[in-house]
Amino acid sequence: MAEAAKARRSIRVLIVGTGSSTNGGTSVQAASAGIIYQTNFSNFSLGGVNGQNGWSTYDPTFTTGGGTFATIVNNAPAGGSASGNAMKFDSGTGASSSPRYAWGPTFGTQFAADAAAGNNVLVAQTSMYMAGGSTSTARQGMVAFDSSGTKILTGFYVQANTGLVYLLANYNNAGTINNFAFNTNVTIGFDQWVNFTMTWNRSTGRMEVFWGANGFYVDGAGAGSVADEVDYYNTRNGSTVASTVYFDNLTIGTIPAPGALALLGVAGLVGSRRRR
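The model shown is predicted, which means the values in this text are computed figures rather than measured ones.

Draft legend 1. Representation of the environment of T93 in the model. If you trace the backbone, T93 turns up in the loop between β9 (86–90) and β10 (100–103). Remark: the alpha-carbon pair of T93 and S136, spanning 43 residues in sequence, is separated by 9.2 Å. Dropping the residues within four chain positions of it, T93 is found in contact with R236, S239, T240, V241 and A242.

Draft legend 2. Highlighting the pairing of strand β19 (residues 227–235). By the criterion of burial, β19 is predominantly enclosed, with 9 of the 9 residues buried. When β10 meets β19, the two strands line up antiparallel, connected through 4 bridges. Residue pairing for β19: R100 is matched across the bridge by N234. Here strand β12 (residues 139–146) runs beside β19; their pairing, made up of 8 bridges, is antiparallel. Along β19, the bridge assignment pairs F145 with E229.

Draft legend 3. Seen up close, the pairing of β12. Across the 8 residues of β12, 8 count as buried, placing the element largely inside the fold. What you see with β12 is no split at all: R139, G141, V143 and F145 on one side and Q140, M142, A144 and D146 on the other are buried throughout. One ladder, built from 7 bridges, connects β12 with strand β13 (residues 152–159); its direction is antiparallel. Residue pairing for β13: V143 is matched across the bridge by G155. The antiparallel pairing of β12 with β13 creates a hairpin that spans 5 residues between the two strands, and G149 there sits at a positive phi of about 75 degrees.

Draft legend 4. Spotlight on the pattern of salt bridges. Under the criterion given, the structure shown has 2 salt bridges. Between R100 and D59 there is a salt bridge, with the nearest N and O atoms lying 3.1 Å from each other. Of this pair, R100 sits in strand β10 while D59 is found in strand β6 (residues 56–59), placing the two residues 41 residues apart along the sequence. Comparing R100 with D59 shows no difference in burial state: the two are buried. Between D219 and R206 there is a salt bridge, with the nearest N and O atoms lying 2.6 Å from each other. You can see D219 sitting in strand β18 (residues 214–219) and its partner R206 sitting in strand β17 (residues 206–211), a full 13 residues away along the chain.

Draft legend 5. Just the packing of aromatic side chains, in detail. Per the counting criterion, the structure on display carries 20 aromatic pairs. For the ring pair Y129 and W193, a centre distance of 5.7 Å and an interplane angle of 55 degrees mean the geometry is tilted. With Y129 in strand β11 (residues 121–130) and W193 in strand β16 (residues 193–201), the pair connects residues that are 64 residues apart, well separated along the chain. You can call Y129 buried: its relative accessible area is 13%. Aromatic side chains Y129 and Y246 sit 6.3 Å apart centroid to centroid with 70 degrees between the ring planes, which places their arrangement in the edge-to-face category.

Draft legend 6. Layout of empty space enclosed by the protein. Each pocket or cavity is described by its volume, and for the second largest cavity that value is around 30 Å³. In this structure, the second largest cavity is lined by Y37, G104, P105, F107, E229, V230, L250 and I252. Where the lining of the second largest cavity is concerned, the elements lending two or more residues are β19 and β20 (244–255). By residue class, the composition of the lining of the second largest cavity is 6 nonpolar, 1 polar and 1 charged.

Calculation notes
- Residues numbered from 1 in each chain as written.
- Predicted model: local features only at pLDDT ≥ 70, side-chain atom pairs only at ≥ 80, totals over all residues.
- Heavy atoms only, no water.
- Helix = DSSP H or I, 4+ residues; strand = E, 2+ residues; numbered from the N terminus.
- Contact = heavy atoms within 4.5 Å.
- Buried < 20%, exposed > 50% of the residue type's maximum accessible area, 1.4 Å probe, protein only.
- Pairing = 2+ DSSP bridges.
- Salt bridge = Lys/Arg side-chain N within 4 Å of Asp/Glu carboxyl O.
- Phe/Tyr/Trp six-rings, centres within 6.5 Å; stacked < 30°, edge-to-face > 60°.
- 1 Å grid on protein atoms, 1.4 Å probe; cavity = no way out; pocket = protein on both sides within 12 Å on 5 of 7 lines; lining within 4 Å.
- Points joined across faces, edges and corners; volume = space filled by probe spheres on them.
- Nonpolar A, V, L, I, M, F, W, Y, C, P; charged D, E, K, R; others polar.

Here it is in structure tokens:
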């Protein structure tokens, strides 16, 4: 995936919790927010995630439904969900293993209904664990696609050997509209669970990604689209060295536009396309 201009820092502070959050010190209530999907993988069986509870996987070798690169394990590093289960996601080492995706039930109809009711901002949150010491240049993270399966509305990935975080968005780069990566020049901490939140505003196309004290945004080109699915994602990025990350605590929801009610806390919210 090509890189474009640097992402811009977001001035908004997102604190997700039950009932309220802060925006510049102003408390707001979360009465209008809604959860579309939520899992900590506690009701999944150990082994490949494909076919479990509406989840699917893809890579270029197996296409849809193949491979065991995304598996449910109960021996992930401590600090994930209380259930003990998490998703282990392996990057692979050859060209036939990139890109890779794992995604849950699609939700385009629900998102469209929520947007029509005023909740036109998609929010997706997950926890991610990446060990330090890797020499792999693979990049792993999470993305949200539109209903056509071609536009990345919001997303991020982290490079295994550096910890650098990149934003992913459909973007008009000097007249070329495509999915681009944006280097934030900020790293995550290795060997710990990091909570990521990504948002996408259907009215404006703006996407944002938050982790720790960091927040960045890109004014994307996907305004008016219908968000349809959230995927865990990997690109090998030319590496012949494998990388493994763990994901847990996935929540997908919608909230009203920040311009109307600020960015609300929600109870419980903690390149190229592959198919179609």
